[in-house]
Amino acid sequence: MPRPPTPDEAALFTRLGQGHVAMRLLLMAGRLGLVRLLADGPRGAADLAAATGSSPAVMPRMLRAMAALGIIEAQADGRFAGTGVLDLIDVLLVPGFDETSYTAWEHAGHSLRTGEPAWDQVFGKSFFDSLDAGQSDAFDLWNTATAASLAPIAAMEFWSDFHHVVDVGGGQGRLLAEILAANPDMEGQLLDRPESLRRSPELLERRGVADRCRLVPGSFFDEVPKGGDAYLLSRVLLNWNDEKCVAILDTIGRAAEAGSTLVVVDLLIPPPDHPAYCFAVVNDLNLLVGFGGGSRSESEWRRLIETGPFRVTGVEMSPPPSMMGVIFAVREAGR
Ligand SMILES: C[S@@+](CC[C@H](N)C(=O)[O-])C[C@H]1O[C@@H](n2cnc3c(N)ncnc32)[C@H](O)[C@@H]1O
């Protein structure tokens, strides 16, 4: 006989069941421009309805629901104010996290049956091949913005052991720029798709490291620059299935000399009582549906990386607020 749910279980069920509506309201707050509209202070529902071309009858209901969820704040005088949650919204307004993610998730059964990304089936192309110029730019800016959480990784002591870091799939270069800034004698090479590197000169210049960083447009499935004593793969392998990861690791293995280090910054599934556990295992499925990739446990990382010419020498969780793991491996001779 099933037992009746506890009040906590019933409340959780309701919250989960409304999850897609909550997410849609977050996206709507972003699409309506509420961050900008509330930047100068609280505003009333009628005012916001007029400013966004919304129905004056529906707007108060929508704002009330957003406030109940904590997206905005309802004030005693009936007006609505912004919150820190609202300020984060740009992070969602990019392909793979916005409405496109819903479209892909409608076909999640395809991923469940085949292990293939539903995205490719829905949009007819892989994620990176399906981005138009504007979407590619938005995705690159998203990577740059969210790479702020990787700052503690750039500050880690071990970087000072290296003179030349090759950042493979480094996006616009925010993490590499931070690593170079913290290590004034280090040189860097930044490899990514040509379109992702368009804004890199500006970013590297702003951080004062442009003269120590060479840009390498290309594909990590074709060729990776030689000469690094460290090769960095940050948030790259999470986008790919094991077969593609092995191909990327092989390309790096062909460029890296014996004894050089591979540093993988990626989603590491920690033990279930770790604060990052839920994020890692839920994101795992989003990565499967969108890219065919996923989060990996320590033993999965070891097996995957050691399929190629690298031997894992250490695995750790990065310092907060990043919820990434850092995996160290060495290029072995003769493999
Ligand atoms: C999730 S982003 C991570 C960016 C950066 N490493 C970071 O941690 O912020 C994945 C990166 O892989 C790049 N990428 C995808 N396919 C690629 C390919 N075939 N060759 C090189 N880079 C690629 C994307 O352009 C993107 O910048």
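Per-chain numbering applies: the sequence of each chain, read as written, is numbered from 1 onward. Owing to the predicted nature of the model, reporting of local features is limited to residues with pLDDT of at least 70; listing and counting of side-chain atom pairs is limited to 80 or more, with chain, interface and lining totals taken over all residues. Calculation of side-chain values draws on the structure's entire complement of heavy atoms; hydrogens and water are dropped beforehand.

Caption draft 1: Spatial organisation of the overall build of the protein. Numbering of helices and strands runs from the N terminus; a helix is a DSSP stretch of H or I covering at least four residues, while a strand is a stretch of E covering at least two. What the protein contains, in helices and strands, is 17 helices and 11 strands. For the protein, the C-alpha radius of gyration of 22 Å lies close to 20 Å, the compact-globule estimate for 335 residues. If one aligns the C-alpha atoms of the protein with their principal axes, the spans along those axes are about 70 × 60 × 40 Å. For the protein, the residues scored as buried account for 47% of the 335 residues in total. Working rule for contacts: check all heavy atoms of both residues, and any pair within 4.5 Å makes them a contact. Long-range pairs, those at least 24 residues apart, make up 65% of the contacts in the protein between residues at least 6 apart in sequence. Between the two quantities, the radius of gyration covers C-alpha atoms and the globule rule is 2.2 Å times the number of residues to the power 0.38. Residue burial is assigned from relative accessible area. The probe radius is 1.4 Å, only protein chains are included, and a residue is buried under 20% of its type maximum, exposed over 50%, and partly exposed in between.

Caption draft 2: Region of interest: the domain arrangement of the protein. Per the domain assignment, the segments making up the protein are domain 1 (7–89) and domain 2 (141–331). Each of domain 1 and domain 2 has a C-alpha centre, and the two are 36 Å apart. Annotation comment: domain bounds sourced from an automatic or database domain assignment.

Caption draft 3: Quick peek at the packing of helix α2 (residues 19–31) against helix α5 (residues 59–69). Between α2 and α5, the shortest axis-to-axis distance is 10 Å and the interhelical angle comes to 115°. Classified by the interaxial angle, the pair formed by α2 and α5 is roughly perpendicular. Crossing hand, α2 versus α5: left-handed. From α2, A22, L25, M28 and A29 reach across to α5, where they touch M62, A65, M66 and L69. Gly falls in the polar group here, along with every residue not listed as nonpolar (Ala, Val, Leu, Ile, Met, Phe, Trp, Tyr, Cys, Pro) or charged (Asp, Glu, Lys, Arg). Across the contact of α2 with α5, the residue classes tally to eight nonpolar, no polar and no charged. For helices, the axis comes from a line fit to the C-alpha atoms of the stretch in contact; other axes are also lines fit to C-alpha atoms, and the angle between any two N-to-C directions lies between 0 and 180 degrees. An angle below 35 degrees is read as roughly parallel, one above 145 as roughly antiparallel, one from 65 to 115 as roughly perpendicular, and any other as oblique. Here a crossing is taken to be left-handed if its near helix is turned anticlockwise relative to the far helix by less than a right angle, and right-handed if that turn runs clockwise.

Caption draft 4: Local environment of the site of the ligand. Being near a molecule or strand, for a residue, comes down to having at least one heavy atom within 4 Å of it. For the ligand, the set of nearby residues contains 17 residues, the closest of which are G169, D192, R193, S234 and R235. Any N or O atom pair separated by 3.5 Å or less is treated as a polar contact, with the protein-specific requirement of one donor-capable and one acceptor-capable atom, and with residues adjacent in sequence counted only for side-chain atom pairs. The side chain of D192 places a nitrogen or oxygen atom 2.6 Å from an oxygen atom of the ligand. Taking R235, its side chain carries an N or O atom lying 2.8 Å from an oxygen atom of the ligand. Protein contacts shield 95% of the accessible area of the ligand, which totals 580 Å² for the unbound molecule. A breakdown of the residues in the shell around the ligand according to their chemical character gives five nonpolar, nine polar and three charged. All accessible-area figures derive from a Shrake-Rupley calculation using a 1.4 Å probe, and residue coverage is judged against the displayed protein chains alone.

Caption draft 5: Looking closely at the pairing of strand β6 (residues 230–234). Across the five residues that make up β6, a large majority, five, are buried. Burial along β6 is two-sided: the face carrying A230, L232 and S234 and the face carrying Y231 and L233 are both buried. One requirement defines pairing of two strands: DSSP has to find at least two bridges between them. In this sheet, β6 lies alongside strand β3 (residues 164–168) in parallel orientation, the contact comprising three bridges. When the sheet's bridge partners are listed, V166 is paired in β6 with Y231. Pairing of β6 with strand β7 (residues 261–266), which is carried by five bridges, proceeds in the parallel orientation. Following the sheet pairing, S234 is matched in β7 by V265. By convention a crossover is right-handed if, when the strands point away from the viewer, the path from the first strand over the helix to the second runs clockwise. Running through helix α15 (residues 242–255), the crossover from β6 to the neighbouring parallel element β7 is right-handed.

Caption draft 6: The arrangement of α2 in detail. By definition here, a helix of n residues has an expected span of 1.5 Å times n minus one. With 13 residues, α2 should reach 18 Å at 1.5 Å per residue; the first-to-last C-alpha distance of 18 Å fits that figure. Every buried residue belonging to α2 is among L25, L27, A29 and G30, and all of these are buried. Downstream of α2 by one or two residues, G33 has phi in the positive range, about 75°.

Caption draft 7: Inspection of the environment of I153 at higher detail. By the secondary structure assignment, I153 is in helix α12 (residues 151–154). Linking I153 and I179, residues 26 residues apart in sequence, is a C-alpha distance of 8.4 Å. Residues contacting I153, with those up to four places away along its chain left out, are W159, V265, S318, S322, M324 and V326.

Caption draft 8: Representation of the packing of aromatic side chains. Within 6.5 Å between ring centres, the rings of Phe, Tyr and Trp (the latter by its six-membered ring) count as paired, and their orientation is classed by plane angle as stacked under 30 degrees, edge-to-face over 60, tilted in between. Taken as a whole and assessed by the stated rule, the structure comprises 16 aromatic pairs. Both rings, one in F127 and one in F291, keep their centres 4.5 Å apart while their planes meet at 55°; by these two values the pair is tilted. Of this pair, F127 sits in helix α10 (residues 127–130) while F291 is found in helix α16 (residues 277–291), placing the two residues 164 residues apart along the sequence. When its relative accessible area of 2% is taken as the criterion, F127 is described as buried. Residue class for F291 comes out buried when judged on its relative accessible area of 16%. The interplanar angle of 85° and the centroid separation of 6.1 Å between the aromatic rings of F220 and W240 together place this pair among those described as edge-to-face. Taken as a pair, F220 in the loop between β5 (213–217) and β6 and W240 in the loop between β6 and α15 lie far apart in primary sequence, 20 residues in all. Exposure remark for F220: the relative accessible area of 13% places this residue in the buried category.

Caption draft 9: Molecular detail of the sheet that holds β3. Spatial ordering of the open sheet is given by β5-β4-β3-β6-β7-β11-β10, a layout of seven strands whose pairing is mixed. The two strands at the open ends of the sheet, each matched to only one other strand, are β5 and β10 (310–317). Taking the axes of each pair of neighbouring strands and ignoring which way they run, one obtains an average angle of 20° across the sheet. Direction of pairing for β3 relative to strand β4 (residues 187–192): parallel, over a ladder of five bridges. Looking at the pairing, V165 lines up with G188 of β4. This element, helix α17 (residues 298–306), spans β7, β10 and β11 (325–331) of the sheet and lies at about 155° to β10.

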